[in-house]
Amino acid sequence: MPKSKRNRAVSLTKTKKKGREHKESIVTSIREAAENYNSIYVFSFENMRNLKFKEFREQLKSTSRFFLGSNKVMQVSLGRSVADEIRPGLHKVSKLLHGDAGLFLTNLPKEEVERLFNEYEEYDFARTGSIAIEKVELKEGPLEQFTHEMEPFLRKQGMPVRLNKGVVELVSDFVVCEEGKHLSPESARILMES
């Protein structure tokens, strides 16, 4: 049978680049914010969750402004050298932008900013590669927190389990993670499910 010309796979992965106009709008908004706010801070982050960051940003919306994006675009907006900086000394700030970093512009005093950043802490599910903060060990016996449908999943994760009258039962003690060690993908999945 000949191949149908109508039956074609259409790729939906093609996206348009944001382009020069988008970068220029970021540069102008950073420059406007630099004129409106007294202080500029560079902050770095690691393994940041977008939802948690939005909540933090919402708390400080009335007094501050955050910028995340391409470090080079942010450097250009502040000025990379003395000749092209928008305010005296801002080229020094642009040199601090590397890696996972962002800009925080505010009118708050330095002590208040340090207190806000030091006190803000949110807990979230552990991910693969993060460091375990405590040892988690499951004792031999029935695991009431898991349904009988979870038994094949737990077995795939390396847990010695069996079904006993519809209840998932751990055959022997099982250490999910050790304190101070990196979480394996299996350990992270088990912690999320329990």
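To be clear, the structure that these remarks concern was listed above.
Residues numbered from 1 in each chain as written. Predicted model: local features only at pLDDT ≥ 70, side-chain atom pairs only at ≥ 80, totals over all residues. Heavy atoms only, no water.

A. Spotlight on the packing of aromatic side chains. What the rule picks out here adds up to 12 aromatic pairs. Judged by centre distance (6.3 Å) and plane angle (40 degrees), the rings of Phe43 and Phe45 are tilted. Residue class for Phe43 comes out buried when judged on its relative accessible area of 10%. Using a relative accessible area of 25% as the deciding quantity, one classes Phe45 as partly exposed. Ring geometry for Phe53 versus Phe66: centroids 5.2 Å apart, planes at 80 degrees, classification edge-to-face. Taken together, the positions of Phe53 in helix 2 (residues 50-59) and Phe66 in strand 2 (residues 64-68) put the pair 13 residues apart, joining distant regions of the chain. Each member of the pair, Phe53 as well as Phe66, carries the same accessibility label: buried. Among the aromatic residues, those joined into a cluster by ring pairs are Tyr41, Phe43, Phe45, Phe53, Phe56, Phe66, Phe104, Phe117 and Tyr120. (Phe/Tyr/Trp six-rings, centres within 6.5 Å; stacked < 30°, edge-to-face > 60°. Buried < 20%, exposed > 50% of the residue type's maximum accessible area, 1.4 Å probe, protein only. Helix = DSSP H or I, 4+ residues; strand = E, 2+ residues; numbered from the N terminus.)

B. Inspection of the nonpolar core at higher detail. In this structure, Ile40, Phe67, Leu78, Leu103 and Leu105 are the most contacted members of the largest nonpolar core, which totals 14 residues. For this core, the secondary structure elements donating two or more residues are helix 1 (19-36), helix 3 (71-78), helix 4 (90-94) and strand 3 (101-106). When neighbours within four sequence positions are excluded, Ile40 is seen to be in contact with Ala34, Leu78, Leu90, Val93, Leu103, Phe104 and Leu105. (Core = buried A, V, L, I, M, F, W, Y, C linked by side-chain atoms within 4.5 Å. Contact = heavy atoms within 4.5 Å.)

C. Quick look at the side chain of Ser94. Inspection of the secondary structure assignment puts Ser94 in helix 4. For Ser94, a relative accessible area of 2% corresponds to the buried category. Setting aside chain neighbours within four positions, we find Ser94 in contact with Gln75, Leu78, Gly79 and Arg80.

D. Structural context of the sheet that holds strand 1 (residues 39-44). The 3 strands are arranged 1-3-2 in an open sheet whose pairing can be described as antiparallel. In this open sheet, the two edge strands, each paired with only one partner strand, are strand 1 and strand 2. Neighbouring strand axes in the sheet, compared pairwise and without regard to direction, differ in orientation by 20 degrees on average. The sheet contact formed by strand 1 and strand 3 spans 6 bridges and is antiparallel. By the bridge assignment, Tyr41 is partnered in strand 3 with Phe104. On top of the sheet, helix 3 reaches strand 1, strand 2 and strand 3; it is set at about 35 degrees to strand 3, its chief contact. (Pairing = 2+ DSSP bridges. Axes fitted to C-alpha atoms, helices over the stretch in contact; angles between N-to-C directions.)

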